[in-house]
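Now for the letters of each chain:
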Amino acid sequence: MLIAASPAELRASVSAWQKEGLKVGLVPTMGALHEGHLSLLAKVREQADRVVVSIFVNPTQFGPNEDFSRYPRQEEADISLLKQAGCDLAYLPTVAAMYPQGFSTTISVSGVSEGLCGNCRPGHFSGVATVVAKLLLQGLPDLAVFGEKDYQQLQVIKRLVLDLDIPVRILGAPTLREADGLAKSSRNAYLTPEERKVAPSLYRLLFEAAKRVQAGEAASLACFEAAKALIEAGFAKIDYLEVRDADSLAPVEHPKAPARILGAAWLGRTRLIDNLPLT
Ligand code: AMP
């Protein structure tokens, strides 16, 4: 497995492969890799000849009171996991390489980035859009895969790539879960054993609310009751629990087109997010 630390090294490898006629796919991550990340790598493998995984804990997508400094970092373990998983190139840029002195450009995507996590984490999606645009333009892979686990992020990235004519195909991949339904996440490492037992209620209650909306109940009522049940289960605070149109993310009360139920809630000091499709 090759390792690149600068945009120039990344571009050199990707363009050399492309000159040989090989297709290259990218999986952007913040490291602390788990099976969810590896499922994205497997998805790239289906569509591309070479797989690049980037690991970069992007400071600009964390708010001042968020978990940037304590975000799990395990570079050596990540690298050996990527080697085992058949990754062809790991891209690990430094903060200085990504944000050279005087860095002054921010990309902000309106519409899909408003509401939901956009409300609770001001500036988060500008940080995401900017770093993802940089990663895509630095590597110019043929395709890039993002998880539906971060559904709003996936919609923001699709919009960004369309609006800025970035010539990279964006694919979404389904959420990989623990046996009890909890979405796999690097942040699950923060949970105490007690919190870990409560955590799957987020998935369970989203699932139940989705079923009720599918059966004709108004989304706001089903979400209100699910939020109440989450607090009863032991969650400290609900950031949001809503049904939205699956593409535009506009709020919907009685979905007629594909929709998504999305939730974010705090378990102690840990913020968990999850979402499910409504059929
Ligand atoms: P992160 O390292 O958390 O920024 O995630 C990197 C990529 O992995 C993003 O596209 C996430 O949506 C995706 N991802 C995170 N957790 C999962 C999961 N449980 N299943 C599938 N994809 C995931």
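Report follows, based on the coordinates. (Residues numbered from 1 in each chain as written. Predicted model: local features only at pLDDT ≥ 70, side-chain atom pairs only at ≥ 80, totals over all residues. Heavy atoms only, no water.)

## Focus: the sheet that holds strand E9 (residues 270-278)
Part 1 of the argument: The strand order across the open sheet formed by three strands is E7-E8-E9, and the pairing between neighbours is antiparallel. Edge positions in the sheet fall to strand E7 (237-245) and E9, since each of these pairs with one other strand and no more. Averaged over neighbouring strand pairs, the angle between their axes works out to 10° when direction is ignored.
Part 2 of the argument: Note: E7 against strand E8 (residues 259-267), eight bridges, orientation antiparallel. Bridge pairing links Tyr240 to Ala264 in E8. (Pairing = 2+ DSSP bridges. Helix = DSSP H or I, 4+ residues; strand = E, 2+ residues; numbered from the N terminus. Axes fitted to C-alpha atoms, helices over the stretch in contact; angles between N-to-C directions.)

## Section: the sheet that holds strand E2 (residues 24-29)
Part 1 of the argument: Strand order in the open sheet formed by six strands is E1-E4-E3-E2-E5-E6, and the pairing between neighbours is parallel. Every interior strand has two partners, whereas the edge strands, strand E1 (2-4) and strand E6 (169-173), have only one. Put simply, the sheet's adjacent strands are angled 25° from each other on average, direction ignored.
Part 2 of the argument: Sitting on the sheet, helix H7 (residues 151-163) touches strand E5 (143-147) and E6, and the angle it makes with E6 is about 170°. (Contact = heavy atoms within 4.5 Å.)

## A word on the packing of helix H9 (residues 201-214) against helix H10 (residues 219-233)
Part 1 of the argument: Between H9 and H10, the least distance of the axes is 9 Å, while the angle of their chain directions is 160°. By the angle between their axes, H9 is roughly antiparallel relative to H10. Relative to H10, the crossing made by H9 is right-handed. Contacts from Ser201, Leu202, Leu205, Ala209, Arg212 and Val213 in H9 reach Ala219, Ala222, Glu225, Ala226, Ala229, Leu230 and Ala233 in H10.
Part 2 of the argument: For the contact of H9 with H10, the residue count by class is ten nonpolar, one polar and two charged. (Parallel < 35°, antiparallel > 145°, perpendicular 65-115°, else oblique. Left-handed = near helix turned anticlockwise from the far one by under 90°. Nonpolar A, V, L, I, M, F, W, Y, C, P; charged D, E, K, R; others polar.)

## Some details on the packing of aromatic side chains
Part 1 of the argument: What the rule picks out here adds up to five aromatic pairs.
Part 2 of the argument: Plain terms: the ring middles of Phe56 and Tyr99 are 6.3 Å apart, the flat faces sit at 40° to each other, and that makes the pair tilted. Of this pair, Phe56 sits in the loop between strand E3 (50-55) and helix H3 (75-84) while Tyr99 sits in the loop between helix H4 (95-98) and helix H5 (117-120), and the two are 43 residues apart along the sequence. Both residues of the pair, Phe56 and Tyr99, belong to the buried class.
Part 3 of the argument: Site record: aromatic cluster; members linked through ring pairs are Phe56, Tyr99 and Phe103.
Part 4 of the argument: Between the NZ or CZ atom of Arg70 and the centre of the ring of Tyr190, over which it lies, the distance is 4.0 Å.
Part 5 of the argument: When the ring centre of Tyr99 is taken as origin, the NZ or CZ atom of Lys134, which lies over that ring, is 5.9 Å away. (Phe/Tyr/Trp six-rings, centres within 6.5 Å; stacked < 30°, edge-to-face > 60°. Buried < 20%, exposed > 50% of the residue type's maximum accessible area, 1.4 Å probe, protein only. Lys NZ or Arg CZ within 6 Å of the ring centre and 35° of its normal.)

## What about the nonpolar core?
Part 1 of the argument: Counting 43 residues, the largest nonpolar core has Val52, Tyr91, Val132, Leu136 and Ile170 as its most contacted members.
Part 2 of the argument: Ranked by residue count, the leading element in this core is helix H6 (residues 124-139), at eight residues.
Part 3 of the argument: In this structure, this core is formed jointly by two domains, domain 1 (2-173) and domain 2 (186-278), each of which donates at least three residues.
Part 4 of the argument: Grouped together as the second largest cluster of nonpolar side chains are 26 residues, Leu182, Leu191, Ala199 and Leu267 included. (Core = buried A, V, L, I, M, F, W, Y, C linked by side-chain atoms within 4.5 Å. Domains from an automatic or database assignment.)

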